[in-house]
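So the chains spell out like this:
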Amino acid sequence: MRALIDVPLMLLVTYTMGFFMYGFYRQFMARIQNRRGPPIWQNLYDNLKFFSKSETLSHGPMFFLGPMIMMAGAVTTVLFIPMLKDTAWLQGFSASGNLILVMFLMVVGPLGNALAVGASGNPFGVMGVTRGLTRLMGLEVPFFLGLALIMVQYETVSISAIMAAQPTLAEWTLVTNPLIFLVVLLPFIASLNASPFDVVGAPVEVYSGPRVEFGGRLLGILMTQNMMLSMAKYVLVVALFMGGASNLLELFVKVFVLFMLTASISAVFPRLRTEQAVDFFWRIPLGLGVVAVILTLWI
Amino acid sequence: MRLFLRVLSLMVVVTPAVTWFAWDGALVWPLFGGATLSFDVTPLASFFLLLLAMGAPLAALPMLRKEEPDWQLALFALLVLGMQGLLLAQDLVGFFIGWEIMTWSSWLLIVRSPRTDAGTAASYILFNLSAAFLLLAGLLGVYSLTGSFAIQALVDLTLAQGLVLVLLFGAAFLIKIGTLPLHLWIPRSYDQAPEPVTVVLSALVSKMGVYGLLLMLILFPEMPGRWFGDWLNGPLSGYGLAWIGVITSIVATFKAIAQDDMKRLLAYSSIGQLGYVTTAIGVGGALGISGALYHALVHTLVSLLLFISFAGIIAQTGQRRFNDLGELIYRMPISFFGVLIGIIALAGMPPLPGFASKFLIFVALIEAQWILLFAAVILSSAAAFLYCYKLIYAPFLGQANSPEARVAREAPWPYLIPQIILMGMLVGLGMFPGMGTALADPVLAALGLAPLDGPSLGTLATPYGGYDGVTLMLVFGIAFALVTALFYMLRGQLRRAGSRQDLSFAGEVPTPDQPLHYGAGMGRELRRIPLIGWILARSSSGFFSGLAERVERLAEHSSRLYPSQPWRWVQSFVVVFAVLLTWGLVRGGGL
Amino acid sequence: MYHKTGCEGFQCEDQTLGADLAGVRDEQTVVDRLVAWLRQRSLFVLAYGTGCGAIEIRPLMTSRYDAERFGIIGAATPRQADVLVISGYLAIKTLKRVIRSYEQMQEPKYVIALGSCTINGGMYWDSYNTVKQVDHYLPVDLFVNGCMPRPEALIEGFVALQKRIADGEKGGWLRYRENLDWYKANQRRVLGANMLPDDTSAWLQVGGQA
């Protein structure tokens, strides 16, 4: 019975956090660029506007189903990440999943999207998807290396157990093993499709890449799932490194702090080309990761 | 006559299933003197017999078509018999006989194809015969040490004896699996073999190498533990094997991405997937072995499914290059779903079982604390997404790029029936991931490891945590249904594009003959990444020709010892002989 | 083919701005009003930089004039866009691309034409390869005159458009649907053999419902 309340609540929380954070991001960028920027609700307006578009173009059944798969993938990912600790609420189905499962679930949605983009027959979209997969190949190596170190440290693959093992600030992974956080941080930014690793959907270089053919309500779905999946990733990193949260306010504050960090990094660096990004991931974060492995396991 | 041959062959093909269900008691066949051939179903053999029992009839279906020649099915039946004998054999002689039957019948299957060129046939038989000779040397070594051919634990070996035997057997099986750099024969022969034969080679024959590697755990029980001790939490003797497996899968994955021929891509992907299995065997332990068995099971199903689907495409269009296909989703929908399920399982995405097996391998690596290996496995696993997308995009999506692709029809039923069965099996196994570990548990018990008893078939449980396949599948399915329903509740109209050329194309109007298909271009820019460019610029045929060149140069050097005057040659011979003689006399052992 | 009725193009500005929309507003349900408000609050702009007008879009979008505070932001492809900004003179060659882009946008969609050249040809009034009145080929919702209009004028235009959308006015895309034959005939007259295929507009003729 609890699931009936939990599921809509978790989706609502991620969606709300999503548009607020991204609304804030646009404000933040505007202030950095010395302008006023849109209201903090702007992302909600944009999203609802797309849902109220009266025409939506489809390139066939697979094109239509792709965004649905993507949304279902995002929803499933959100529901398999526990939001809070020390409580029976907002756990979703996390008892039936684990960290590795969640990491792979995050790829299911993009697969659906890739199928839809392919079905549209637009070469720009496929070009974007290929770049996205290439970037994924680059970022997953250091990202998973960091996560593996966490799993070795806590000897479990369960997110709830990792969260429960960090009750106080002194036991946060961020404090006990800050090197892992450094390893994971930049790949994490890339997995959010944020600058400077946002060449996949670059509007000028590849004509907005995978989204090139999506308009109307389908684009609305893509925006929604993007906001929700991003927030799911933030919640996951908060759970792994910052000890999770016991209530929604704490969760919101921690996600906000992490969001500020990533937004500040995104705001100041120029965009990298795909191969530059991959090469970067395999040199700097992966090198750091190898150092972390040597320091924590071998010595 | 023709019908009789076919029925007979078909009956042979289903024998593994009969054996698997109905085998009881051992069979001993006296050979000569005191030597006997004995056959029995051990737990390990039973697991691989199950793969054979599932795979052989499904792979036989496409061979039943009128267009396929008779000899194909007959030779395939012989091949199945060989593999079955190999699995059932309780002694190394029977094993060797089965191995030889397998090698020669598969070679005949390949060499009779009109597409096979001499180089491919030569490389296939060269590599496989060297595997057989290594095996022969190994089994003679075992006989000389124990006086028996029986497959049993060899204890009390010295390290040197053990190492020599392990290297002999290991090299033989690694050639069969196609580990780098011994994989040279695989891409060419998979590519040039007739389509239904490639299915068998990838799905079944390669698994015999995996069976052999696991058999080594029975032959050399002390190898993981006593020899060399541990590295972190895993056996040091397996660490090297694990790295060999990972490097194989990384290089094969990058090579696969660069291919523009469908079957070659699948061949490299097959090498890469078996690299994971090698890695998992290297890690060992309950999780590692169970991961290896699980991945072997999944790879059997997936490669059956993918190779049969692509055989259907090739049969219907006559095209085998990615660039010459496209947009088949509307013309071959069942094949599309076959390939879709296949690549999801191949890429290891939940909820299909490819994830379950990879999960076991990941957890095994975490348990062993081999994190660098873990990262390397992730690299090849993530790179595999690229070629998986190429597999589904280039033939089925995008724009049709050849006249054949524009008019193709759905593949005939002999191709579709196995696809549908295999899709069902993969989805079922994804929903009940515990089934795979339940199958692997008897093998673990036979190897003296603790089984991974899951609480239910729907759950994959490990000491580090697990996941519930039924919940996962249900959540995803319900979310998908709800999202789609909600979408239709929104106001407004959903309309289909007027033509395939109705694309956002910077205001431009593409014409139908404009090449809009991205099939061949995919993965081309990968070469700009330094590591991948470095890997792709090399090839193992380069390695082998380099080796040949070195050997020749070495021979040149050593030929200086043999100058043109024959008496000098005799002189050096006498000197060497005299030195050896003296050395023997000094040691006092006589000759 | 074409008969002038009442005002035309830029001449209608007074009429459209002064039109009494009270009647329209009364017919709207709460949902309609909410939707209309959301639509005006979030405008994705496909800026078709045809002429010198393209140069005015940059200051408009960046820090100096910051159109994003009105919810106006650039879109990369026509599929995502709500507003097509035709910024300047349209050569006949460009007209084809502009029409294609417009037809690929998803309804509801609006067109803002920038500068004198889109109104009457401007300084290109006697050019052999420039269309004079864009209004003949595409349903322009709003003209911003000047040569070139400054970003302030553009913002004023956008705000006027937002007000009309919020008031529930349907916009030019309905006019395009209803008079498709007339627009297509005009387009065919100037494009001739170079006329674009009808795969993006044929569905309007078979009576696609909004």
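Residues numbered from 1 in each chain as written. Chains lettered and ligands numbered in written order. Predicted model: local features only at pLDDT ≥ 70, side-chain atom pairs only at ≥ 80, totals over all residues. Heavy atoms only, no water.

Attention now moves to the UniProt feature "domain: NADH:ubiquinone oxidoreductase-like 20kDa subunit" (unreviewed entry) in chain C. Listed under "domain: NADH:ubiquinone oxidoreductase-like 20kDa subunit" (unreviewed entry) in the UniProt record, and renumbered for this structure, are residues 51–161 of chain C. Helix makes up 33% of residues 51–161 of chain C and strand makes up 18%, while its end C-alpha atoms are separated by 22 Å. (UniProt positions renumbered as here; feature names shortened; annotations may be inferred. Helix = DSSP H or I, 4+ residues; strand = E, 2+ residues; numbered from the N terminus.)

The partner chain B presents 13 residues to the 18 residues of chain C that form the contact. Buried surface at the junction of chain C and chain B, summed over both partners, amounts to about 1,300 Å²; 41% is from carbon and sulfur atoms. The largest share of the area that chain C buries against chain B comes from Arg100(C), Asp199(C) and Trp203(C), three residues that together contribute 37% of it. Between chain C and chain B we count three salt bridges in total. Among the ionic pairs, Arg79(C) bridges to Asp502(B), the shortest N-O distance being 3.1 Å. Applying the counting criterion to the chain C and chain B interface returns eight residue pairs in polar contact (both at pLDDT 80 or more). Of all the secondary-structure elements, those providing two or more residues to the side of chain C that touches chain B are helix H3 (30–41) and helix H5 (92–104) of chain C. Ranked by residues supplied to the side of chain C that touches chain B, first place goes to H5(C) with five residues. Residue composition of the side of chain C that touches chain B, by class: five nonpolar, six polar and seven charged. (Contact = heavy atoms within 4.5 Å. Buried area = accessible area lost by both parts, 1.4 Å probe. Salt bridge = Lys/Arg side-chain N within 4 Å of Asp/Glu carboxyl O. Polar contact = N/O pair within 3.5 Å; in protein donor to acceptor, adjacent residues only side chain to side chain. Nonpolar A, V, L, I, M, F, W, Y, C, P; charged D, E, K, R; others polar.)

Let us look at the interface of chain A and chain B. Facing the 79 residues of chain A at the interface are 77 residues of chain B. Of the roughly 6,800 Å² buried between chain A and chain B on both sides combined, carbon and sulfur atoms contribute 76%. For the chain A face of the interface with chain B, the top three residues by lost area are Phe104(A), Met137(A) and Arg217(A), together amounting to 10%. Here chain A and chain B share two salt bridges between them. Measuring nitrogen to oxygen at the nearest pair gives 2.8 Å for the salt bridge that ties Glu55(A) to Arg495(B). At the level of elements, strand S1 (55–58), helix H3 (61–79), helix H4 (99–120), helix H5 (123–154), helix H9 (216–241) and helix H11 (274–298) of chain A are the ones that each hand at least two residues to the side of chain A that touches chain B. For the side of chain A that touches chain B, the residue count by class is 50 nonpolar, 19 polar and ten charged. Two strands pair when backbone bridges link them, and S1(A) and strand S7 (residues 493–496) of chain B are joined in this way by four bridges, in the parallel orientation. Counterpart to Leu57(A) in the pairing with S7(B) is Arg495(B). (Pairing = 2+ DSSP bridges.)

Here we come to the nonpolar core. With 367 residues, the main nonpolar core has Trp282(A), Phe76(B) and Phe254(B) as its most contacted residues. A per-element tally of this core places helix H15 (residues 371–396) of chain B first, with 22 residues. In this structure, Phe254(B) is in contact with Met137(A), Trp282(A), Leu379(B), Ala383(B), Ile532(B), Ile535(B) and Leu536(B), ignoring residues within four places of it in sequence. (Core = buried A, V, L, I, M, F, W, Y, C linked by side-chain atoms within 4.5 Å. Buried < 20%, exposed > 50% of the residue type's maximum accessible area, 1.4 Å probe, protein only.)

Bringing the packing of aromatic side chains into the picture now. Two aromatic rings, taken as a pair, are described by how far apart their centres are and by the angle between their planes. For the structure on display, the rule yields 56 aromatic pairs over all chains. Ring geometry for Trp104(B) versus Trp107(B): centroids 5.7 Å apart, planes at 90 degrees, classification edge-to-face. Here Trp104(B) pairs with Trp107(B), and both are found in helix H5 (residues 92–111), just three residues apart, close to one helical turn. Pairwise contacts between aromatic rings join Phe47(B), Phe48(B), Phe95(B), Trp99(B), Phe169(B), Phe173(B), Tyr211(B) and Phe220(B) into one cluster. One residue, Lys49(A), lies across the ring of Phe50(A), its end atom 4.3 Å from the ring centre. Here the basic side chain of Arg217(A) rests over the ring of Phe487(B), its NZ or CZ set 4.8 Å away from the ring centre. (Phe/Tyr/Trp six-rings, centres within 6.5 Å; stacked < 30°, edge-to-face > 60°. Lys NZ or Arg CZ within 6 Å of the ring centre and 35° of its normal.)

By the definition in use, this model includes 36 salt bridges over all chains. Glu525(B) is paired through a salt bridge with Arg528(B); the nearest N and O atoms lie 3.5 Å apart. The exposure class of Arg528(B) is partly exposed, given its relative accessible area of 48%. In this structure, Lys184(C) and Glu103(C) form a salt bridge, with 2.7 Å as the shortest nitrogen-oxygen distance. Within this pair, whereas Lys184(C) is found in helix H9 (residues 180–191), its partner Glu103(C) is found in helix H5, the two being separated by 81 residues in sequence. Classification of Lys184(C) by relative accessible area gives buried; the value is 8%.

This brings us to the sheet that holds strand S3 (residues 83–87) of chain C. Residue and element names in this part refer to chain C. An order of S2-S1-S3-S5-S7 is seen for the five strands of this open sheet, with the pairing classed as parallel. With partners counted over all chains shown, the strands left at the sheet margins are strand S2 (72–74) and strand S7 (142–144), one partner each. Ignoring which end each strand starts from, the neighbouring axes of this sheet average 30 degrees apart. Most of the contacts of helix H4 (residues 54–61) go to S2, to which it runs at about 125 degrees, and overall it touches strand S1 (43–48), S2 and S3. (Axes fitted to C-alpha atoms, helices over the stretch in contact; angles between N-to-C directions.)

With that out of the way, let us pick up the packing of helix H13 (residues 333–347) of chain B against H15(B). All names here are of chain B. One can describe the packing of H13 onto H15 by two numbers: an axis separation of 9 Å at closest approach and a directional angle of 175 degrees. When the axis of H13 is compared with that of H15, the two are roughly antiparallel. Across the interface between the two elements, Ser-335, Phe-336, Val-339, Leu-340, Ile-343, Leu-346 and Ala-347 from H13 touch Ser-381, Phe-385, Tyr-387, Cys-388, Leu-391, Ile-392 and Phe-396 from H15. A per-class count over the contact of H13 with H15 returns twelve nonpolar, two polar and no charged. (Parallel < 35°, antiparallel > 145°, perpendicular 65-115°, else oblique.)

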